[in-house]
Amino acid sequence: MRMPASERLGSDIKRVEQELMTAKTAAVKPSGLTVPQYAALLMLGENPGISAAALARLCLVTPQTMTTILQNLVALGLIERTPHPWHRNVLETQLTEKGQAAFDQADERAAAVERRLAAEFTDEERKLLRSLLGRCSKVLTEQHP
């Protein structure tokens, strides 16, 4: 049976995701970052020394995509990658001073987007929205026979 477009939740979720990305792109652009670069710097700031593979998982991108993001951040002088002291095949990634400054500038504006979005909801509504989105994620990632 055919499902009308007006009943498809995926369209609503995709529209809001695209609108959020557009707002964040505008927010971080003055700092010279893209949203994926900003996300990587955000996660690096919270997880200093993290491996590229772990960073890719946190940023919800493929390892190949993260490799490109990290190469670009190194080229911009925003991060440095050094061999792990115990695991020679693992590179630790750290923000440089320049990277921290770019992140701080971008984060001030990106956090304002997040605050504006959160302000539209009461505490209870935000909790409910997170719960509903969690259920969406669960049903879409469950294995079906």
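Rules used throughout
- Residues numbered from 1 in each chain as written.
- Predicted model: local features only at pLDDT ≥ 70, side-chain atom pairs only at ≥ 80, totals over all residues.
- Heavy atoms only, no water.
- Patch = residues over 30% accessible without salt bridge, like charges linked within 9 Å, V, L, I, M, F, W, Y side chains within 5 Å.
- Areas by Shrake-Rupley, 256 points an atom, 1.4 Å probe, with all protein chains shown as cover.
- Salt bridge = Lys/Arg side-chain N within 4 Å of Asp/Glu carboxyl O.
- Helix = DSSP H or I, 4+ residues; strand = E, 2+ residues; numbered from the N terminus.
- Buried < 20%, exposed > 50% of the residue type's maximum accessible area, 1.4 Å probe, protein only.
- Expected span 1.5 Å × (residues − 1).
- Contact = heavy atoms within 4.5 Å.
- Core = buried A, V, L, I, M, F, W, Y, C linked by side-chain atoms within 4.5 Å.
- Phe/Tyr/Trp six-rings, centres within 6.5 Å; stacked < 30°, edge-to-face > 60°.

**Observations concerning a nonpolar patch on the surface**
- Where nonpolar side chains cluster on the molecular surface, the patch consists of Leu117, Phe121, Leu129 and Leu133 and spans about 310 Å² of accessible area.
- Here Leu133 lies in helix 6 (residues 123-141).
- Residue classification places Leu133 among the partly exposed residues on the basis of a relative accessible area of 45%.

**A few points about helix 2 (residues 35-46)**
- Here helix 2 spans 17 Å end to end across 12 residues, near enough to the 16 Å set by a 1.5 Å rise per residue.
- When helix 2 is considered as a whole, its buried residues turn out to be Val35, Gln37, Tyr38, Ala40, Leu41 and Leu44.
- Contacts from the buried residues of helix 2 go to helix 1 (9-28), helix 3 (52-59), helix 4 (63-75), strand 1 (79-83), strand 2 (91-95) and helix 5 (97-119).

**Digging into the nonpolar core**
- By size, the foremost hydrophobic cluster in this structure holds 24 residues, and its most contacted members are Leu33, Leu41, Leu55, Met66 and Leu73.
- Those elements that provide at least two residues to this core are helix 2, helix 3, helix 4 and helix 5.
- Residue contacts for Leu33: discarding those within four places in its chain leaves Val28, Tyr38, Leu41, Leu73, Leu78, Ala102, Phe103 and Ala106.

**Considering the packing of aromatic side chains**
- Using the criterion set out here, one finds 1 aromatic pair in the structure.
- Here Tyr38 and Phe103 contribute two aromatic rings whose centre-to-centre distance is 5.6 Å and whose plane-to-plane angle is 10°, an arrangement assigned as stacked. With a gap of 65 residues between them, Tyr38 in helix 2 and Phe103 in helix 5 connect regions that are remote in the sequence. In this structure, Tyr38 and Phe103 share a single accessibility class: buried.

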